[in-house]
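So the chains spell out like this:
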Amino acid sequence: MRRLPILALLLWICSIFYVGIYLFVGGFLLVRLEVNRTSTCADVLPPGADVARGDFCLKEPRFRRAVVLIIDALKSDFARYDPENTSPRAFENKLPVLDEMASSRPSQSRLYTFRADPPTTTMQRIKGFTTGSLPTFIDVGNNFASSAVLEDNLVHQLGQAGKRVVFMGDDTWVSLFPRKFHRSLPFPSFNVKDLHTVDNGILQNIFPTMEGDDWDVLIAHFLGVDHCGHRFGPDHPAMAEKLTQMDGVIRSVINRLQNDTLLVVMGDHGMTDTGDHGGESLKETDAALFLYSGSPLFPAPSSQVEPEVVPQTDLVPTLALLLGVPIPYSSVGQVLLPLFPHNNSRAAPTGLSQAEALWINVKQVNRFLETYSSMAKDIPADSLSHLQSRFTQLSSQYLSSVSKGAPPSPELVASMQAYLSSVRETCRASWARFSPVKMAAGLLVMGLACVVCYVLSELSLVVLQEGVLKMPVVSGLVVGGAVAAGQIFMWGFVEVLWCVGVVALITEVMVLWRVRRLSLWLSLLPPPLLILLLRCSSLLSDSYVISEGRVVTFLLFTLVLYVPLRLNWDGLLVPGPPPDTQKPPGLLPPSLPLSTVRREGAALLVSVGVLVGCLYLSLSFHSCREEQGSCQPSAFLTPLSRVQDSRMRNLHYVLSLVSLSAWAFLLHRWLRHYGNLNCTSVTVFTARFLLPLASICMGLHWAVSATPEDSFRNLAELISLAQVALPRVAFGLLGLGLLLLWLDPLTVFLKTRAPLNSRAPSMPPPRYRASTGISPQAELHHLIPQLYQRIRRSLEDGGSEGAEADGRPAVEAYGLGTVYSAPLILLCGMLGLGLLLLHPEGMALSFLLMLLQAAAVLHLHTSSSTLSSLQSHSNVFSVPWAPVVLWSLAASQFFHATGHLPTFPSIQWGAAFVGFPQGHSGTVLPATLVTLNTFASHILFAVGCPLLLFWPLVCEVRGTRAGRSGGGDDGEDVVMEMRLRENPQQFSSALLQLTLRYLFICGAQVFASVCAAAILRRHLMVWKVFAPKLMFEASGFIVSSVFLLVGVALVMRVDVAVAGLFQKLLPQNSR
Amino acid sequence: MWDVEIRGMASAHAIIAASIFMATVMPAVLVEKFSVYGTHLIWLYSVAGSVAVVNIAVFWLLGISPPTKKNTLSYKLSKLIRSCVYLLLSCLFFHTVIVLYGAPLLESALETFSLAVLLSTFTTLRCLCVLGPNVQAWIRVFSRDGAMSVWDTSLQITTGCSIVGAWLGAFPIPLDWDRPWQVWPVSCSLGATVGFLTGLLAAPLWIRWHRKQLTYKLK
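All residue numbers refer to positions counted from 1 along the written sequence of the respective chain. Both sets of labels track the order of writing: A upward for chains, 1 upward for ligands. Since the coordinates come from a predicted model, pLDDT governs what is reported: local features require at least 70, and pairs of side-chain atoms require 80 or more to be given and counted, while whole-chain, interface and lining totals use all residues. Note that the side-chain values use all heavy atoms of the structure and ignore hydrogens as well as water.

**Notes on the overall build of chain A**
- Check the secondary structure of chain A and you find 36 helices and ten strands.
- Each residue's exposure class comes from its accessible area (1.4 Å probe, protein chains only) as a fraction of the maximum for that residue type: buried when under 20%, exposed when over 50%, partly exposed otherwise. Here chain A holds 1071 residues, and the buried ones make up 56% of them.
- Within chain A, counting contacts between residues at least 6 apart in sequence, those at least 24 apart form 80% of the total. The helix count covers DSSP runs of H or I at least four residues long, the strand count covers runs of E at least two residues long, and both are numbered beginning at the N terminus. In this analysis, two residues are considered to be in contact whenever any of their non-hydrogen atoms come within 4.5 Å of each other.

**Here's the deal with the overall build of chain B**
- Along the backbone of chain B there are eight helices and zero strands.
- Listed by position from the N terminus, the elements making up chain B come as α-α-α-α-α-α-α-α.
- The size measure is the radius of gyration over C-alpha atoms, and the globule rule it meets is 2.2 Å times the number of residues to the 0.38 power. On C-alpha atoms alone, chain B measures out to a radius of gyration of 18 Å, which is about the 17 Å that the 2.2 N^0.38 rule sets for 219 residues.
- For chain B, the spread of C-alpha atoms along the three principal axes comes to 55 × 40 × 35 Å.
- The burial tally for chain B puts 43% of its 219 residues in the buried class.
- A separation threshold of at least 6 residues defines the contact pool for chain B, and within that pool the share at least 24 residues apart is 70%.
- Entry remark: accessible area of chain B is about 11800 Å², with carbon and sulfur atoms responsible for 71%.
- Measuring between centres, the 16 positive side-chain charges of chain B sit 18 Å from its 9 negative side-chain charges. Each accessible area is a Shrake-Rupley estimate made with a 1.4 Å probe; only the visible protein chains count as cover when residues are assessed. The sign given to each residue is positive for Lys and Arg and negative for Asp and Glu; His and the chain ends receive no count. The atom standing in for a charge is NZ when the residue is Lys, CZ when it is Arg, CG when it is Asp and CD when it is Glu.

**Here's the deal with the packing of aromatic side chains**
- Pairing of aromatic rings covers Phe, Tyr and Trp, the last through its six-membered ring, and needs centres within 6.5 Å; plane angles under 30 degrees mean stacked, over 60 mean edge-to-face, and all others mean tilted. Going through the model one piece at a time under the given rule, you end up with 41 aromatic pairs over all chains.
- Aromatic pair Phe895(A) and Phe935(A): ring centres 6.3 Å apart, planes at 15°, arrangement stacked. Taken together, the residues span a long stretch of sequence, with Phe895(A) in helix 29 (residues 881-897) and Phe935(A) in the loop between helix 30 (924-934) and helix 31 (936-943) at a distance of 40 residues. For the pair formed by Phe895(A) and Phe935(A), the shared burial category is buried.
- Both rings, one in Tyr86(B) and one in Trp138(B), keep their centres 5.8 Å apart while their planes meet at 85°; by these two values the pair is edge-to-face.

**Observations concerning the domain arrangement of chain A**
Residue and element names in this part refer to chain A.
- Each assigned domain of chain A is listed here: domain 1 (3-26 + 436-517), domain 2 (31-291 + 301-339), domain 3 (340-431) and domain 4 (527-576 + 591-748 + 817-960 + 974-1064).
- Where each domain begins and ends is defined by an automated method or by a domain database. Domain 1 and domain 4 are separated by 30 Å when their C-alpha centres are compared.
- Taken together, the contact between domain 1 and domain 4 spans 26 residues of the former and 32 residues of the latter.
- Of the roughly 2800 Å² buried between domain 1 and domain 4, counting both surfaces, carbon and sulfur atoms make up 85%.
- Whenever Lys or Arg places a side-chain nitrogen within 4 Å of a carboxyl oxygen from Asp or Glu, that contact is recorded as a salt bridge. Along the contact surface separating domain 1 from domain 4 lie two salt bridges.
- Arg-3 serves as the salt-bridge partner of Asp-1055, at 3.1 Å between the closest nitrogen and oxygen.
- Whenever two N or O atoms come within 3.5 Å, that pair is a polar contact, provided that in protein one can donate a hydrogen and the other can accept it, and provided that, for residues adjacent in sequence, both atoms are side-chain atoms. Our count for the domain 1 to domain 4 interface comes out at five residue pairs in polar contact (both at pLDDT 80 or more).
- Of all the secondary structure elements, the ones that give two or more residues to the side of domain 1 that touches domain 4 are helix 1 (3-28), helix 15 (436-458) and helix 16 (460-466).
- No other element matches helix 1, which puts twelve residues into the side of domain 1 that touches domain 4. Accessible area that two parts lose when put together, with a 1.4 Å probe and added across both, is what the buried area reports.

**Some words on the interface of chain A and chain B**
- Across the boundary between the two partners, chain A contributes 19 residues, which contact 18 residues of chain B.
- When the two sides are added together, the surface that chain A and chain B hide from each other amounts to roughly 1800 Å², 64% of it contributed by carbon and sulfur.
- When residues of chain A are sorted by the area they lose upon contact with chain B, Phe554(A), Trp569(A) and Tyr616(A) head the list and together hold 36% of the total.
- Inspection of the region where chain A meets chain B yields one salt bridge.
- Notably, a salt bridge pairs Arg144(B) with Asp570(A), separated by 2.9 Å at the nearest N-O pair.
- Among the elements of the structure, helix 20 (542-546), helix 21 (548-569) and helix 22 (594-618) of chain A are those that each provide at least two residues to the side of chain A that touches chain B.
- In terms of residue count, helix 21 of chain A provides more of the side of chain A that touches chain B than any other element does, eight residues in total.

**Considerations on the pattern of salt bridges**
All names here are of chain A.
- For the structure shown, the criterion picks out 23 salt bridges over all chains.
- Ionic pairing is found between Lys-283 and Asp-273, a salt bridge with its closest N-O pair at 2.9 Å. With Lys-283 in helix 10 (residues 282-285) and Asp-273 in the loop between strand 6 (261-266) and helix 10, the pair connects residues that are ten residues apart, well separated along the chain.
- Given the relative accessible area of 52%, Asp-273 is considered exposed.
- With a shortest N-O distance of 2.8 Å, Lys-1029 and Glu-548 are connected by a salt bridge.

**Re the sheet that holds strand 1 (residues 65-71) of chain A**
Residue and element names in this part refer to chain A.
- Judged by pairing direction, the sheet is mixed, and its eight strands sit side by side in the order 4-3-5-1-6-7-2-8 without closing on themselves. Either end of the sheet is taken by a strand with one partner, and the two such strands are strand 4 (183-187) and strand 8 (309-311). The sheet shows a mean angle of 20° between the axes of neighbouring strands, direction not considered.
- In terms of strand pairing, strand 6 meets strand 7 (residues 286-293) through five bridges, oriented antiparallel. Opposite Leu-262, over in strand 7, you have Ser-293 as the bridge partner. Two strands pair under a simple rule: DSSP has to find at least two bridges between them. A fitted line through C-alpha atoms represents every axis, and for helices the fit uses only the stretch in contact; the resulting angles, taken between N-to-C directions, go from 0 to 180 degrees.

**Quick word on the state of the cysteines**
All names here are of chain A.
- Only a pair of cysteine sulfur atoms within 2.5 Å counts as a disulfide in this structure description. Counted according to the given criterion, the structure contains one disulfide over all chains.
- Cys-1002 provides the cysteine sulfur closest to Cys-945, a residue in no disulfide bond, and the two sulfurs are 8.3 Å apart.
- Overall, Cys-945 belongs to the buried group, its relative accessible area being 0%.
- Cysteine Cys-1011 is unpaired, with the sulfur of Cys-450 as its nearest cysteine sulfur at 8.9 Å.
- By relative accessible area, which is 18% here, Cys-1011 ends up buried.

**What to know about the side chain of Gln893(A)**
Residues and elements named next belong to chain A.
- Here Gln-893 is to be found in helix 29.
- For Gln-893, a relative accessible area of 0% translates into the label buried.
- In this structure, Gln-893 is in contact with Val-552, Thr-553, Leu-556, Cys-614, Leu-615, Ser-618 and Gln-853, ignoring residues within four places of it in sequence.

**Some remarks on the nonpolar core**
Residues and elements named next belong to chain A.
- Judged by nonpolar contacts, the single largest core of 251 residues is most densely connected at Leu-456 and Tyr-998.
- Considering every element that reaches this core, the biggest residue donor is helix 36 (residues 1022-1070), with 22 residues.
- Setting aside its immediate chain neighbours within four residues, Leu-456 contacts Leu-9, Trp-12, Ile-13, Val-463, Val-511, Val-515 and Leu-996.
- Only buried residues count toward a nonpolar core, which is a set of Ala, Val, Leu, Ile, Met, Phe, Trp, Tyr and Cys residues joined through side-chain atoms within 4.5 Å. Grouped together as the second largest cluster of nonpolar side chains are 73 residues, Tyr-112, Leu-262, Met-266 and Leu-291 included.

**Description of the pairing of strand 6 of chain A**
All names here are of chain A.
- Summarising burial for strand 6: six of the six residues are buried, a large majority.
- Bridge analysis of strand 1 against strand 6 gives six bridges, and the strand direction is parallel. Bridge pairing links Val-68 to Val-264 in strand 6.

**Describing the packing of helix 1 of chain A against helix 15 of chain A**
All names here are of chain A.
- One way to put it is that helix 1 packs onto helix 15 with a least axis distance of 7 Å and a crossing angle of 160°. Accordingly, the angle class assigned to the pair helix 1 and helix 15 is roughly antiparallel. Crossing of helix 1 against helix 15: the hand is left-handed. Taking contact as the criterion, the partners of Leu-9, Trp-12, Ile-13, Ile-16, Phe-17, Gly-20, Ile-21, Leu-23, Phe-24, Gly-26, Gly-27 and Phe-28 in helix 1 are, on helix 15, Lys-438, Met-439, Ala-441, Gly-442, Leu-443, Val-445, Met-446, Ala-449, Cys-450, Val-452, Cys-453 and Leu-456.
- Side-chain classes are defined by residue name, with Ala, Val, Leu, Ile, Met, Phe, Trp, Tyr, Cys and Pro counting as nonpolar, Asp, Glu, Lys and Arg as charged, and the others, Gly among them, as polar. Of the residues contributing to the contact of helix 1 with helix 15, the split by class is 19 nonpolar, four polar and one charged. Note on terminology: angles under 35 degrees are roughly parallel, angles over 145 are roughly antiparallel, angles of 65 to 115 are roughly perpendicular, and the others are oblique. By convention, the crossing between two helices is left-handed when the near helix turns anticlockwise from the far helix through less than a right angle, and right-handed when the turn is clockwise.

**Overview of the UniProt feature "transmembrane region" (unreviewed entry) in chain B**
Residue and element names in this part refer to chain B.
- UniProt positions are given in the numbering used here, feature names are shortened, and annotations may be inferred rather than shown by experiment. Look at the UniProt record and you will see "transmembrane region" (unreviewed entry) annotated at residues 12-30, 42-63, 84-106, 112-132, 153-171 and 183-207.
- Helix makes up 74% of residues 84-106 and strand 0%. Its end C-alpha atoms lie 26 Å apart.
- Helix makes up 89% of residues 153-171 and strand 0%, with an end-to-end C-alpha separation of 28 Å.

**Some details on the packing of helix 24 (residues 682-706) of chain A against helix 27 (residues 821-837) of chain A**
All names here are of chain A.
- Two elements in contact, helix 24 and helix 27, have axes whose closest approach is 11 Å; the angle formed by their N-to-C orientations is 15°. Relative to helix 27, helix 24 is oriented roughly parallel. When you trace helix 24 past helix 27, the crossing you get is left-handed. Contact with helix 24, carried on its side by Thr-683, Thr-686, Ala-687, Leu-691, Ser-695, Met-698, His-701 and Trp-702, involves Leu-826, Met-830, Leu-833, Leu-836 and Leu-837 of helix 27 and no other residues of that element.
- A class-by-class count of the residues in the contact of helix 24 with helix 27 yields nine nonpolar, four polar and no charged.

Printed below as a string of structure tokens:
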């Protein structure tokens, strides 16, 4: 077997795909430039440089102090109070204080709907309502590692103005604003299961702090409501409890409030009906905003048009001006006018009037716009000049009205507001900047990579014999180096992106050039690839992406039905008519014996049935996107601890446990059936003990995590210990198992009875000393087949179950027939258990379905290849397209059927806490766990991909027994996977072909979603549907390809070990 | 001989196609507010009924049904009963397949079953007319060299086209265009009908085009 060329080729193909993805993503994902300038007091000098009025910062502000209570995920619905609602749900009518205040003291308080900008994740929101800017898509990924905010922000400005900012609550703030607070009391935020630590920490400290005098601005960020939503959903008694607690907090704060203090109560985002957030549906973006002050703040309610919805960015300039600090430099918000006194009423002794506030705001926004447009060119020039002219007009109007001494007209106020809104809209629209050249280059590299992958998979045999890779890679590297040198020469720095892009492109073109003369490969599109084509084109439409789970299942179903129909069309499924007696026997096409055809046909139909059943059942495990209106997420997706009905919980638990044990049992059963559990190697130890032990740990862990928190108070410590220990033990056992599997992958048990053996006369003792003086290497080649002959004998006589007494085979080899597939299956089984542990308990059923479906695909492939074995002319081991397409589409199917969706809010963050209920200190481990959870099905199917090659050989036993009864000769007997060692060349090429085909299918899907993102980049749905889909598809491809390589590497590891085994055996047997 | 058969087939197919057309037009006169989308099930039943009647009539008149060994009344009756049972079974089979393909299981079961009836009319009924209630023969016909007459070939083509048409008809359902024909099962039944019509048109043309290559074993 040619190990190195295969690995090199696969690595090369994977890396050119990676380069393509990297290039495209570099040009596609939007980046907003951060303006690192800060506002100063001098910037906000009133118009006309009126020295008499003095420095802005020195003036007496409207409020001396402020208390900002941020209640994470305080949805606007939570804050509403409806006295007529007699049977409120858990989250309704639990904050009566807001409504009470707003109706009883209308001049002191207001309640608004507070609309966040997507993405509605906490860190982005904190950045949004401190800097006043709009977030960009790329920020989403930073949620794990929050880094300091570099842009100008409120906290910085308050510090500059000498205000003492005291912070308590969510520790994200401290990482965002390091060393900016006068005093801070951070509490850990990442552990979603912990409802009380942060809130109780704040409650202990907030009142003493308020009563003291060591603060000017107090920020308190409560996390309980958000965590309660994540853990239980909004409609749960725990949410009622939490909101009632918040009600009490707000009341106590109001009671302690002094007249010069402003109280802001706000939610940073809302939540969906399942308690998640991150997207841009109204449920997620609409939070509540409540403003209160001890002294009259608002004009009479009817005097002015109240805004219905307050954008989140608007809080920044409002707070800044009320507290007397400059508006942060890059804010694009607009002051909330109701909080400022009317222009003509001179009643308010201090603070700015509406027109003054707006003017300061307009000037600041214009200054930001000028700075930003000088740094970056992404705002269109025409809208920029339009805005500029409007500003000039406004400015002259305002200045003339001020110089006249008359208050500015309401029209001027309205047009200033309109100007601010249009700036905000322009920014929102144009912070989507693409780099078309990089995108095109990425598309080109990926498209060519797909072509190369397809061509090489068709030519795998030739490719391995000739070795096409060396020249192109060398020349590619040379050209890449030249480009890098040129860049240094021209610009003085190297942009790595372009260099690797050039290398990838050159190698691709060279490889295609080298195989051009072998261009026999342009055959017609086979129907399985038509299914792939349909799948790829479905990625170009948002409707199909939204209902992707069903689309993939539909296509898979079609392909499954296609296989038997096609076989029947070729006349291979049912036994043909009795051969024509008139024709001479020589002209008859060769045909399989009747019984084989019958049995294989029946097996084929059974596996089609199982497959269809699995496909249909898998539909019931889907989750729902927000775009799918009337969709109910699967009941199995709720973690057991959130199921409230105890009978339901028990039922789910039992079902999960049954599936878990079925998973372990089936694995064990298969290994035992093929005689892989007989020897005493460490791998067998793994299969026999580690695997069941890990499953037991998992079952116990589920039981522990499903127990309601308050049911066993006296055992609480034990339970929390078990929640840490059990999953960690399971992970440890599985990890140990994987290590042992890698160290010694052989599960072959050899039993030699050479001395006792009365060697059968039909088999002369092998002559090991070849007469010619050839090299030992050649001798070995000669010897190995001889050993097979003997092993074959033993298999023939007793199968793997053992030797017959009279047969007395020389060597009994248990499990030699499945020497390649047994470790792979063991690997898949253990990986599957580990990945299942990261999922909600109910997904055990889905994992069992996955196992059944994989087995059904393998058997379908086996039967169909047996039935058509006489027709195929190519490599005997070669795997046709249909099963490979089935296999890789099943990965997408089960991505959906394990409750995943290609959207960011649907990522199952709970996976990061399995075994780590206290949260993490680093970011690598939780990110890994979440990745493993998200791409579980991709991982399993990629690792198991080589099984498609082995399975027809494993199932050979059935075929040959019948074949022998029909008169097959002894030379062609059960060798199972040893056939692969007899034909190393064909084995290598078939393995290469299989993996290339799998990579091609995955790569084509990535290419399609990349195309979708590129073509539809101004589509309404691009950030909601196509960009997340692209990210998920690309990451899925990377994960798949890595694990595909792991699977191939394991096969090679086994190959090395088998070679070693024979090396060891031969001398021992010869003497 | 070839040309006669092909011409006969073309005219038979023309009659069937005309019956579909009539089934679409006639109810408009008889039923108030008839439209293919609005009162879809009525249209579906009228097409299925007329195709069934015309098919049976045409094949009976042309006498293409398989040769019978016995000519007794009881044998004919049992054959008729078996045919009806097969038709019903095929309706249930199609219903199952459609549900497995993702049609709703309980709601709008009537619509699903109607589609199954339509598909059975386009496929199974023709099989019954041409081959009789003989599953072995059906399986034989749908293989590459299983066709034993021009009619078998035409059966292959029309059946394949109807089913592919219904399959393609499912494609627009998830799209968010909010058109009346995206309602289940309108697009699928329209697809099946269009596919069937295409098959009716294509079969004589294809056979004529390939008449050199087509050789039928005599029974």
